[in-house]
Amino acid sequence: MGLIHWFKSKMFGGEILRTIGVVNGEGQAFVKGELKVHVIKDNRTIANKVALEMVTKCALSYQIMPMTLSINEARKLIDLLNSACS
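Residues numbered from 1 in each chain as written. Predicted model: local features only at pLDDT ≥ 70, side-chain atom pairs only at ≥ 80, totals over all residues. Heavy atoms only, no water.

Draft legend 1. Seen up close, the overall build of the protein. A tally of helices and strands in the protein yields two helices and four strands. For the protein, the α and β elements follow one another from N to C terminus as α-β-β-β-β-α. With the C-alpha coordinates of the protein rotated into their principal frame, the extents come out at 45 × 40 × 15 Å. The buried share of the protein, taken over its 86 residues, is 21%. Long-range pairs, those at least 24 residues apart, make up 31% of the contacts in the protein with a sequence separation of at least 6. Accessible surface for the protein amounts to roughly 6,700 Å². Of this, 62% is attributable to carbon and sulfur atoms. Charge-centre separation for the protein: the mean point of 11 positive side chains lies 5 Å from the mean point of 7 negative side chains. (Helix = DSSP H or I, 4+ residues; strand = E, 2+ residues; numbered from the N terminus. Buried < 20%, exposed > 50% of the residue type's maximum accessible area, 1.4 Å probe, protein only. Contact = heavy atoms within 4.5 Å. Areas by Shrake-Rupley, 256 points an atom, 1.4 Å probe, with all protein chains shown as cover. Lys, Arg positive; Asp, Glu negative; His and termini not counted. Charge placed at Lys NZ, Arg CZ, Asp CG, Glu CD.)

Listed below in structure tokens is the structure:
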């Protein structure tokens, strides 16, 4: 477990403090997707950041796409998602 934790901290640019939750996407026949939301401690600044981890799984493949957002960008994403749901 230590190697995975180290790898993800390098991927996001900071230590994962906690995982907020996971949202499962609507997959196609053999493809499953999920979006994980983490709070990370940024190694360069004092402020925490929000990390999104998009995971896609299928029979012979596993892919992770990381994205780290500042608090302001995370709030902008919240506004965009709220607008899309209205």
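Draft legend 2. Up close: the pattern of salt bridges. Tallied over the full model, the rule gives six salt bridges. Measuring nitrogen to oxygen at the nearest pair gives 3.1 Å for the salt bridge that ties K8 to E53. Linking K8 in helix α1 (residues 2-12) with E53 in strand β3 (residues 48-58), this pair joins segments that are 45 residues apart in sequence. Each member of the pair K8 and E53 is classed as buried. As a salt-bridge pair, D42 and R44 come within 3.5 Å of each other at their nearest N and O atoms. (Salt bridge = Lys/Arg side-chain N within 4 Å of Asp/Glu carboxyl O.)

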